[in-house]
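The lines below spell out each chain.
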Amino acid sequence: MQPPAFSDQGLHVMSKPIGPICNLDCEYCYYLHKEDLYPSGQGWRMGDETLEAYVAQYIDAQPAGASEITFAWQGGEPTLLGVEFFERIVALQRRYAPRGKRIVNSLQTNGVLLDEAWCRFFREHDFLIGISIDGPAELHDRYRYDKKGRGTFAAVLEGLKLLKTHQVQFNVLTVVNRHNGDHGRRVYSYLRDCGAEFIQFIPIVEPRGVGRHAETGDAPMVGSDPLDGIVSSRSVRPEQFGRFLIDVFDEWSKRDIGRVFVQVFDQALSAWMGIEPSLCIFRKQCGRALAIEHNGDLYSCDHFVEPDYLLGNIRDLPIVEMANSPRQEAFARDKETSLPQYCLDCDVRFACNGGCPKNRFIETPAGEPGLNYLCKGYRKFFAHIDRLMREMVVEVKAGRPAANVMQRARGKQPIAAPMQRTQNVGRSRPAAPPGRNDLCPCGSGRKYKKCCLSARNG
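**Things to note about the overall build of the protein**
So, point 1. Assigned secondary structure in the protein consists of 14 helices and 12 strands.
So, point 2. Considering the protein as a whole, with its 458 residues, one finds that 54% of them fall into the buried category.
So, point 3. Nonlocal contacts in the protein, meaning residues at least 24 apart in sequence, comprise 70% of its contacts between residues at least 6 apart.
So, point 4. Entry remark: accessible area of the protein is about 20000 Å², with carbon and sulfur atoms responsible for 50%.

**With respect to the environment of alanine 72**
So, point 1. Relative to the helices and strands, alanine 72 is located in strand β2 (residues 68-73).
So, point 2. For alanine 72 and alanine 291, which are 219 residues apart along the polypeptide, the C-alpha to C-alpha distance reads 9.8 Å.
So, point 3. Ignoring anything within four residues of it in the chain, the contact list for alanine 72 reads His12, Val13, Met14, Ser15 and Ser106.

**Remarks on the nonpolar core**
Inside soluble globular proteins, nonpolar side chains tend to come together where they are buried.
So, point 1. Counting residues in each nonpolar core, the largest one holds 110 residues, and the members touching the most others are Tyr54, Phe86, Phe122, Phe201, Trp272 and Phe382.
So, point 2. Those residues in contact with phenylalanine 382 that sit more than four places away from it in its chain are Ala268, Trp272, Phe282, Val348, Ala351 and Cys352.
So, point 3. Core analysis: the next-biggest nonpolar cluster, separate from the first, contains 5 residues, Tyr28, Tyr143, Leu173 and Ile204 among them.

**Thoughts on the environment of glutamate 391**
So, point 1. Relative to the elements of secondary structure, glutamate 391 occurs in helix α13 (residues 375-397).
So, point 2. Since its relative accessible area comes to 10%, glutamate 391 is described here as buried.
So, point 3. For the pair glutamate 391 and arginine 408, spaced 17 residues apart in sequence, the C-alpha to C-alpha distance is 8.9 Å.

**Structural notes on the confidence of the model for the protein**
So, point 1. Mean pLDDT for the protein: 89, with 86% of residues reaching 70 or above.
So, point 2. When the criterion is pLDDT under 50, residues 414-433 qualifies, and its contacts beyond four places in sequence or with other chains add up to 38 contacts.
So, point 3. A low-confidence stretch, residues 453-458 stays under pLDDT 50, and its non-local contacts, those more than four residues away or across chains, total 23 contacts.

**A word on the sheet that holds strand β4 (residues 128-132)**
So, point 1. The strand order β7-β6-β5-β4-β3-β2-β1-β8-β9-β10 describes an open sheet built from 10 strands, whose pairing is mixed. Two strands bound the open sheet, and with one partner strand each, they are β7 (261-262) and β10 (310-313).
So, point 2. When strand β3 (residues 102-109) meets β4, the two strands line up parallel, connected through 4 bridges. Along β4, the bridge assignment pairs glutamine 108 with glycine 130.

**Examining unusual backbone geometry**
So, point 1. Note the cis peptide between glycine 75 and glycine 76, where omega equals 15°.
So, point 2. Summarising the element assignment, glycine 76 is placed in the loop between β2 and α2 (83-96).
So, point 3. Phi is positive for aspartate 126, close to 55°, though the residue is something other than glycine.
So, point 4. For glutamine 167, which is not a glycine, the phi torsion comes out positive at approximately 55°.
So, point 5. Its place among the elements puts glutamine 167 in the loop between α5 (153-165) and β5 (170-176).
So, point 6. Its relative accessible area of 56% is what places glutamine 167 among the exposed residues.

**So, the pairing of β5**
So, point 1. Most of β5 sits inside the fold, with 7 of its 7 residues counted as buried.
So, point 2. Relative to β5, β4 is paired through 4 bridges, and the arrangement is parallel. Note on β5: the bridge partner recorded for glycine 130 is asparagine 171.
So, point 3. Across 5 bridges, the pairing between β5 and strand β6 (residues 198-203) is parallel. By the bridge assignment for β6, valine 176 is matched with proline 203.
So, point 4. Each parallel crossover has a hand, and the one from β5 via helix α6 (residues 184-193) to β6 is right-handed.

**Considering the packing of α6 against helix α7 (residues 238-255)**
When two helices pack together, their arrangement is captured by the angle between the axes and the distance separating the axes.
So, point 1. At a minimum axis distance of 7 Å, the contact between α6 and α7 shows a crossing angle of 45°. Here α7 runs oblique to α6, going by the angle between their axes. Considering how the two elements wind past one another, α6 and α7 form a crossing that is right-handed. Contact residues: α6 offers Gly184, Arg185, Val187, Tyr188, Ser189 and Arg192, while α7 offers Phe244, Asp247, Val248, Asp250, Glu251, Trp252 and Arg255.
So, point 2. Tallied by class, residues from the contact of α6 with α7 come to 5 nonpolar, 2 polar and 6 charged.

**Looking at the packing of aromatic side chains**
So, point 1. All told, the structure shown has 36 aromatic pairs when counted by the stated rule.
So, point 2. A centroid spacing of 5.5 Å and a plane angle of 80° characterise the contact between phenylalanine 304 and phenylalanine 331, whose relative ring orientation is edge-to-face. Linking phenylalanine 304 in the loop between β9 (297-299) and β10 with phenylalanine 331 in helix α10 (residues 326-337), this pair joins segments that are 27 residues apart in sequence.
So, point 3. On the accessibility criterion, phenylalanine 304 (13% relative accessible area) is buried.
So, point 4. Ring pairs connect the aromatic residues Tyr54, Tyr58, Phe71, Trp73, Phe85, Phe86, Trp118, Phe121, Phe122 and Phe127, which therefore count as one cluster.
So, point 5. Note that lysine 16 overlies the ring of tyrosine 31, its terminal NZ or CZ placed 3.9 Å from the centroid.
So, point 6. Across the ring face of phenylalanine 6, the terminal group of arginine 288 is positioned such that the distance to the ring centre comes to 4.4 Å.

**Considerations on α10**
So, point 1. Its 12 residues place the ends of α10 16 Å apart at the C-alpha level, agreeing with the 16 Å of an ideal helix rising 1.5 Å per residue.
So, point 2. Every buried residue of α10 is listed here: Gln328, Phe331, Ala332 and Lys335. Angular distribution of buried residues about the axis of α10 spans 95°; they occupy a single face of the element. Structural note: α10 exposes Pro326 and Thr337 on the side pointing more than 90 degrees away from its buried face.
So, point 3. Contacts made by the buried residues of α10 are with β8 (289-292), β10 and α9 (319-323).

Cut-off values and rules
Residues numbered from 1 in each chain as written. Predicted model: local features only at pLDDT ≥ 70, side-chain atom pairs only at ≥ 80, totals over all residues. Heavy atoms only, no water. Helix = DSSP H or I, 4+ residues; strand = E, 2+ residues; numbered from the N terminus. Buried < 20%, exposed > 50% of the residue type's maximum accessible area, 1.4 Å probe, protein only. Contact = heavy atoms within 4.5 Å. Areas by Shrake-Rupley, 256 points an atom, 1.4 Å probe, with all protein chains shown as cover. Core = buried A, V, L, I, M, F, W, Y, C linked by side-chain atoms within 4.5 Å. pLDDT = per-residue confidence, 0-100. Pairing = 2+ DSSP bridges. Right-handed = clockwise from strand over helix to strand, strands pointing away. Axes fitted to C-alpha atoms, helices over the stretch in contact; angles between N-to-C directions. Parallel < 35°, antiparallel > 145°, perpendicular 65-115°, else oblique. Left-handed = near helix turned anticlockwise from the far one by under 90°. Nonpolar A, V, L, I, M, F, W, Y, C, P; charged D, E, K, R; others polar. Phe/Tyr/Trp six-rings, centres within 6.5 Å; stacked < 30°, edge-to-face > 60°. Lys NZ or Arg CZ within 6 Å of the ring centre and 35° of its normal. Expected span 1.5 Å × (residues − 1). Arc of directions from axis to C-beta.

Here it is, written out as structure tokens:
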């Protein structure tokens, strides 16, 4: 089955209605320094005309067959705009949404400003809230602090409790860094025990000299990890990230399959099923996840909000025209066509596809440029999960819950032998992807559109 043409693929835009402005000063934040892109002293709140144009154009840009349209609101910190701003958003969505189309909103927050009013609003309008927390207090507070340098864990936990009290749908976003990267099982168990059912783990990878808290100066002394010379001391090491994911997977696979949904595991199962993952970083090509700034500027990607990737402004060109432009299509293709031979020959390319282009800044063992900084970690992780993933595929294809493999993960039943290279599912012809209303291949029992294809995954 041929994939849909570029212009017919779904379109996702990460909205930044307050730009990079935030009430916190998290040390690893990649977005705070985006203030430098715009004149000092300007207002950062998305104006009414720009907001209305965005809502109308984004709805118009979706494929005709889409029954659901998802808006994603981020920052900076979007709750700084106040509840009234989002009440206007909901009103505009109602005005412009075609009959029969369902509007879904997701909002990513640090949780510090959440209160009763916010939670009542989220509950009333069925917002999905992403809340950022990096584990228990001593792990979270290492890099996530306010403008006065005070840890934010206690305030975030109060926000999380409010979401649960008001029965607001939420997922958790955890940044994996050098500090918490050796504590995968502990971080995961803490989040699960806090009631998180949907979890995203995002690795922090910062080239030295980039960002508000950029590290400069001489590289580390000889004898240390050579990669430390090109990334910040906050950045998770490649193999450390791999071990982190393995520790989480081992805990999850013994007791939580079908109960807790970890984004990277859901995406891996899609790959082992022969279905291309839905998350952009693991797809062959990207380019369908753009970012819009507070003033209407549209960029190729949330991680490429830089002058070279500015597509234009929605006051001058419609979103659909910029998103489907030859320039954006070239950006999408480049992810696949720029892979080094080392990646093309890799057994786990079907699951990774080279990862996010923003992290492709090291050389292969043969000296070829363009290898992902996290390569060693991903290879280690994907090799570790191969056996159990194949067991899950057997269960799902037989119409049984993927959770059946938990007995095997606990060592109470034998697990099949590793597949040989010639049998690698990544080299076989991919199966047709499920329809939006089909059962999700992860075995959750949910529809595909409500699970691995949903806003919870990206």
